[in-house]
Amino acid sequence: MAELKRRNVFRVGAAYLVMAWLLAQVADVALGAFAAPEWVMRSILVLLLIGLPLALFFAWAYELTPEGIKKERDVDRARSITAQTGRKLDYLILAGIGLLALVVVGDRLVWQRETPTASDRTPTPSAIGLPADEAPLPRTRADGSAAHSDNIVAVLPFANRSSREDDAFFAAGVHDDLLTRLSKISALGVISRTSVSRYADTKKPIPEIAAELGAAVVMEGAVQRAGERVRINVQLIDGFSDTHLWAENYDRELTADNLFDIQAEIAHGIASAMEAVLTGADEDTLAAIPTNNLAAYDAYIRGNLLALFENANEDRYRAAIAAYDEALRLDPGFAAAFTGKAMVQLSLYWYQAQGVAYRTAAWESLEQALRLAPEAVETLTALGYYHYWGFLDYARAEDFLNQAVAKAPNHVDAWLAKAFVARRDGRYADAIVALERALALDPLNAETLIELTDTYSNLGEFARAGAIIRRAEAISPDSSRLSQFYWRYWWRQGEIERAWEAMRDPVSGADVYVYMERFSVALLTRRPENIERALAQWPDEKRRPKNYLELYEISRAQALLAAGRHDEARALLRDVKARLDAMADPYPAGWAANVYYYPVDLPGLMGDGKGVRAAAQDYEQHAPRDAWAQLDIYPRIAAAYARVGEPESALAYLERLADKPWLYLSHSIEPAFDPLRDHPRYRAMKAAYEAWAAARERPR
């Protein structure tokens, strides 16, 4: 040991480590600036590691003398200067440590400068008059990546270590359930499933993932299900330094109780590592046991995975209901299965236009959830959606949703519902704040970005909408939903050719709405080849949706009218009217927002002025208050009046939207409004738009 000290081996090792670390930091910055591939940095680190034993060997075997470097055995001990060399090495080590400190401090300062200030991040949509002090503060940088937050945890999808591929759903379900539990802990922010699911089987470094998600810590895990046992191993990693904070392996008998106990222990481990203080309510949430029946839990998580919105269609929704029913057969007291089933039933009513029977069925499910778990976050959120989707009762919906977010501030579904309720209630600033809050918890959710795009474009904030939709496109370039909203973005700006380009050919299994909207865009292009193509691509099984059996025939009649084949169109429309008149309730959803055609459309196409007036009167008397839907319904009624030769009534409905002059752009490409173009009132709307556009272009 004394000889090692005399030969400065320890000092050389320390100096080498300090300088190697400093060199690695410099290399990391330099290579990042040149976008060098990852293998270059890895190679440098390997070389630096290899260099350490070589440096120690040379320190032992060689000595620095006034005559140069010599082998240690050739140096006279009486003339050795190792003591002086040691002092120089001490100075070198101290200088290196000082440089390292500067690098660390500088890196932190750069990080802070990269984090946008409120003025950088605050949307200022003039169209809605959002005050600066009420503006949302999305956790995003200028490049669209998420900004770091100290209490945010990202739990990456759990790897399936089971020998059976069929158990992959089990690992996904355990992961999804854990995220749900963590989202209810008030002291933590949890990145939602949609965003973290993009990192399944990823090879990205943890700091890169953390930066993209804005997470302080990242958890990795794996699930192995083998016979009557389950093994779950997790590790929590600091998102900044890439160091391990905590890890644990759980190897237990496979029971529902044990699964929930493991989830609670994981949550406690995360909270402890992040120094988060759990409240009594947090502890109660973690201690809750939703079901004691493992088979019921299996069916429940299968239902949850089938019901995921990004993959949803009518068939998957029905399969999800069957899975929830199986869970409830095995455990009739499983409250979460009732709320999951209710949400799917409401989705069939709202998104799939399957009729009020599903709304009624959803209430029956919710009654059971209320009986079993009236204060559960899932129950409160589902009740919010029920009053919103079911009746557009904004006050009651928001009351339940506020209760949900008070219990679980990080519950994304509740924040999204709050956004949609506020939007239909005409409170656009509140809607944007809630959407931004949801996006902060789910930064890579293209659906939320799409909804923000739609909101901003409908409010005339086209530049902001364009920036957001490009972020969505970077996340999900192949999304059919993205193309659906991209066309609306261009349509609102009167760019119909670009809207048509955005409407890609429908993918297999696309919903009816996709085919209907593609045909609508084709009509607006006024190109016969586009109209014919949209009709030809509309599959037989999507032409007669429940409660809207005449959708395709009405569309075909519109195509005939666009082609100038008026006699054929009139004959077809008469047949459609005869079939609708024979129905007990031809318009079961009336003027609800998500319907396929309105009571005013058919009489307008037939030139039936009396029918149009009757439908408009019905709208005024019976339609629910829906500020968001009015942006589309008022022009639909105006188009019907224009078709029957009543321009004053048509213009009256367009003028109801006079406070949104940018809507003129979408009206300017509507063929039904061609007879109005020279009317003084229509020209006044055009002038109002031009004044609005000019004001926005002036320097401020």
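Summarised in this report is the structure supplied together with it. Because the structure is a prediction, the values reported are computed rather than measured.

Reading the values: the criteria
- Residues numbered from 1 in each chain as written.
- Predicted model: local features only at pLDDT ≥ 70, side-chain atom pairs only at ≥ 80, totals over all residues.
- Heavy atoms only, no water.
- Phe/Tyr/Trp six-rings, centres within 6.5 Å; stacked < 30°, edge-to-face > 60°.
- Helix = DSSP H or I, 4+ residues; strand = E, 2+ residues; numbered from the N terminus.
- Buried < 20%, exposed > 50% of the residue type's maximum accessible area, 1.4 Å probe, protein only.
- Lys NZ or Arg CZ within 6 Å of the ring centre and 35° of its normal.
- Salt bridge = Lys/Arg side-chain N within 4 Å of Asp/Glu carboxyl O.

**Focus: the packing of aromatic side chains**
Line of reasoning, step 1. Evaluated as defined, the whole model comprises 29 aromatic pairs.
Line of reasoning, step 2. Note on Tyr351 and Trp389: the rings are 5.3 Å apart at their centroids and 75° apart in plane angle, and the pair reads as edge-to-face. Taken as a pair, Tyr351 in the loop between helix H13 (335-350) and helix H14 (356-372) and Trp389 in helix H15 (residues 377-391) lie far apart in primary sequence, 38 residues in all.
Line of reasoning, step 3. Look at Trp389 and you get buried, because its relative accessible area is 6%.
Line of reasoning, step 4. Seen from their ring centres, Tyr548 and Tyr597 are 5.2 Å apart, and the 80° between their planes marks the pair as edge-to-face. With a gap of 49 residues between them, Tyr548 in the loop between helix H24 (528-536) and helix H25 (551-562) and Tyr597 in the loop between helix H26 (566-581) and helix H27 (601-606) connect regions that are remote in the sequence.
Line of reasoning, step 5. Exposure remark for Tyr548: the relative accessible area of 2% places this residue in the buried category.
Line of reasoning, step 6. Ring pairs connect the aromatic residues Trp591, Tyr598, Tyr619, Tyr634, Tyr641 and Tyr653, which therefore count as one cluster.
Line of reasoning, step 7. For the cation-ring pair, Arg498 lies above Trp490, with the distance from its terminal atom to the ring centre recorded as 3.7 Å.

**Focus on the pattern of salt bridges**
Line of reasoning, step 1. The full count for this structure, using the stated rule, is 38 salt bridges.
Line of reasoning, step 2. A salt bridge links Glu326 to Arg329; its shortest N-O distance comes to 2.8 Å. On the criterion of helical spacing, the pair formed by Glu326 and Arg329 is a turn pair, its members being three residues apart in helix H12 (residues 314-330).
Line of reasoning, step 3. Glu398 is the salt-bridge partner of Arg427, the closest N and O atoms lying 2.8 Å from each other. Taken together, the residues span a long stretch of sequence, with Arg427 in the loop between helix H17 (412-424) and helix H18 (428-441) and Glu398 in helix H16 (residues 394-407) at a distance of 29 residues.
Line of reasoning, step 4. A single network of salt bridges, built from pairs that share partners, joins Glu398, Lys418, Asp425, Arg427, Asp430 and Arg625.

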